[in-house]
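Spelled out from the first residue to the last, the chains are:
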Amino acid sequence: MDLFDKLKELHEQGLEEIKKATDEQTLNKVRVELVGRKGELTKILHSMRDVAPENRREVGQKVNELRDLFNKQLDATKAEIVKAVLVKKLEDEKIDVTLPGCEGHLGSKHPINVILDDLESYFIGMGYKVVQGPEIETDHYCFEMMNLPKDHPARDMQATFYIDSEDLLRTQTSGDQARVLEKHDFSKSPLKMVGPGKVYRRDDDDATHSHQFMQMEGLVVDKNVTMSDLKGTLEMIAKHVFGQDRATRLRPSYFPFTEPSVEMDVSCFNCDGKGCPICKYTGWIEVLGAGMVHPNVLENAGIDSTVYGGFAFGLGLDRFAILKYGIDDIRDFYTNDVRFLKQFRKEEN
Ligand code: DAH
């Protein structure tokens, strides 16, 4: 085959190769093969010595023309490929602004925290401070300081989780009272505190019992604190949580750390006191324990009980939440089922 035929064939083949390339990588390969330093056109130039001298000029001219043509075609194809890639990218990344957005999953406050936060700010508003004691409490603070010496029969009601002979998972937040009483400087101010937190008792878990639940302890100590201060305070709490129409009543009770001791009932919000399954047909629902601080509790903390006195109360936050929201199983608070939890979103403030 003479060089002219070779050039003709290369012309056709080259254009065909360029046309077939659909991505930049292949096109580059074709470029190297055709017009590269070791490409087909260069090879032809190298074989020029075999060409008759009178034809050399023409061959040279043809090679140059073909190189220009290939380069032009290579550039044009490259531009097409770049454009096609861009178009595809734009197509793939197209944003339909009319599509609805993805809804984020907003968490919500746990119902017990809703009640807790609400009560805390309510008490802060009345001048109370919020204190928190340790969950691993000592026998000393949980019982002894609270007028429950080792042989006291009331300890039996709180069969406990002991960690060793002195430390236990606290069964009540009442120990917070002793810790604060010991430190408080009564020459500066009266003491008004609430102590919320987790407590633990050995209990068979069922719809109304859990081995772990939340309490809030309350304590007010000053000169001349009377039982009517206690009654007024408890009544305000009940109305704040359960509604202004609720009536309250105090029943005599017994707690080692208060004397006299009471339990407070609120009139049933379901039947308004007429009697229904929720209040077990009594018209009343028990909500908390309270009383006037026992002189021994004050004396144990080094406070002169002939000068100072006060009241205390302890309420179960789980119980408050159960009653307020009509929850029928205490375990729902602790199993973290979002279908349960998200129902309380509207209660957040
Ligand atoms: N600590 C008691 C309990 O766990 C609740 C309680 C009752 C606390 C009366 C008090 C109180 O401070 O005065 O059952």
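By the naming in an unreviewed UniProt entry, the protein chain goes by Phenylalanine--tRNA ligase alpha subunit and is assigned to Lactobacillus gallinarum DSM 10532 = JCM 2011. Quoted verbatim from the Sequence similarities (unreviewed entry) field of the UniProt record, the comment on the protein chain reads "Belongs to the class-II aminoacyl-tRNA synthetase family. Phe-tRNA synthetase alpha subunit type 1 subfamily." In its Subcellular location (unreviewed entry) section, the UniProt record describing the protein chain reads: "Cytoplasm".

## Side note on the sheet that holds strand β10 (residues 309–316)
Ordered by their spatial adjacency, seven strands build an open sheet running β1-β5-β6-β10-β9-β8-β7, and the pairing between neighbours is mixed. At either end of the open sheet lies a strand with only one pairing partner, and these are β1 (129–130) and β7 (248–255). Inspection of the sheet shows strand β6 (residues 212–222) paired to β10 by eight bridges, in the antiparallel sense. Across the sheet, residue Glu 217 finds its bridge partner in β10, namely Gly 314. Across the sheet, helix α5 (residues 111–125) is in contact with β1, β5 (191–200), β6 and β10; its angle to β6 comes to roughly 5 degrees. Of the strands in this sheet, β6, β9 (284–293) and β10 touch helix α10 (residues 317–325), which is tilted by about 150 degrees from β9.

## Topic: the site of the ligand
Taken together, 15 residues surround the ligand, and among them Gln 172, Ser 174, Arg 201, Gln 215 and Glu 217 come closest. Within the side chain of Gln 215, an N or O atom sits 2.8 Å from an oxygen atom of the ligand. Computed on the free molecule, the ligand has an accessible area of 360 Å², of which 91% lies beneath the protein chains in the complex. Among the elements of the structure, β6, β9 and β10 are those that each provide at least two residues to the shell around the ligand. Counted by class, the shell around the ligand contains five nonpolar, eight polar and two charged residues.

## A closer look at unusual backbone geometry
Omega for the peptide link from Glu 259 to Pro 260 comes to -5 degrees, which places this bond in the cis form. Here Pro 260 is to be found in strand β8 (residues 258–267). One non-glycine residue, Asn 224, adopts positive backbone phi at about 60 degrees. Secondary-structure assignment places Asn 224 in the loop between β6 and α8 (227–242). The residue Asn 336 is not glycine, and still its phi comes out positive at about 55 degrees. If you trace the backbone, Asn 336 turns up in the loop between α10 and α11 (338–341). Here Asn 336 falls in the exposed class, since its relative accessible area comes to 53%.

## What to know about a negative patch on the surface
Together, Asp 2, Asp 5, Glu 9 and Glu 12 make up a negatively charged patch on the protein surface. Tracing the chain through its elements places Glu 12 in helix α1 (residues 3–20). Judged by its relative accessible area of 52%, Glu 12 is exposed.

Rules and cut-offs
Residues numbered from 1 in each chain as written. Predicted model: local features only at pLDDT ≥ 70, side-chain atom pairs only at ≥ 80, totals over all residues. Heavy atoms only, no water. UniProt positions renumbered as here; feature names shortened; annotations may be inferred. Pairing = 2+ DSSP bridges. Helix = DSSP H or I, 4+ residues; strand = E, 2+ residues; numbered from the N terminus. Contact = heavy atoms within 4.5 Å. Axes fitted to C-alpha atoms, helices over the stretch in contact; angles between N-to-C directions. Near = heavy atom within 4 Å. Polar contact = N/O pair within 3.5 Å; in protein donor to acceptor, adjacent residues only side chain to side chain. Areas by Shrake-Rupley, 256 points an atom, 1.4 Å probe, with all protein chains shown as cover. Nonpolar A, V, L, I, M, F, W, Y, C, P; charged D, E, K, R; others polar. Buried < 20%, exposed > 50% of the residue type's maximum accessible area, 1.4 Å probe, protein only. Patch = residues over 30% accessible without salt bridge, like charges linked within 9 Å, V, L, I, M, F, W, Y side chains within 5 Å. Salt bridge = Lys/Arg side-chain N within 4 Å of Asp/Glu carboxyl O. Lys, Arg positive; Asp, Glu negative; His and termini not counted. Charge placed at Lys NZ, Arg CZ, Asp CG, Glu CD.

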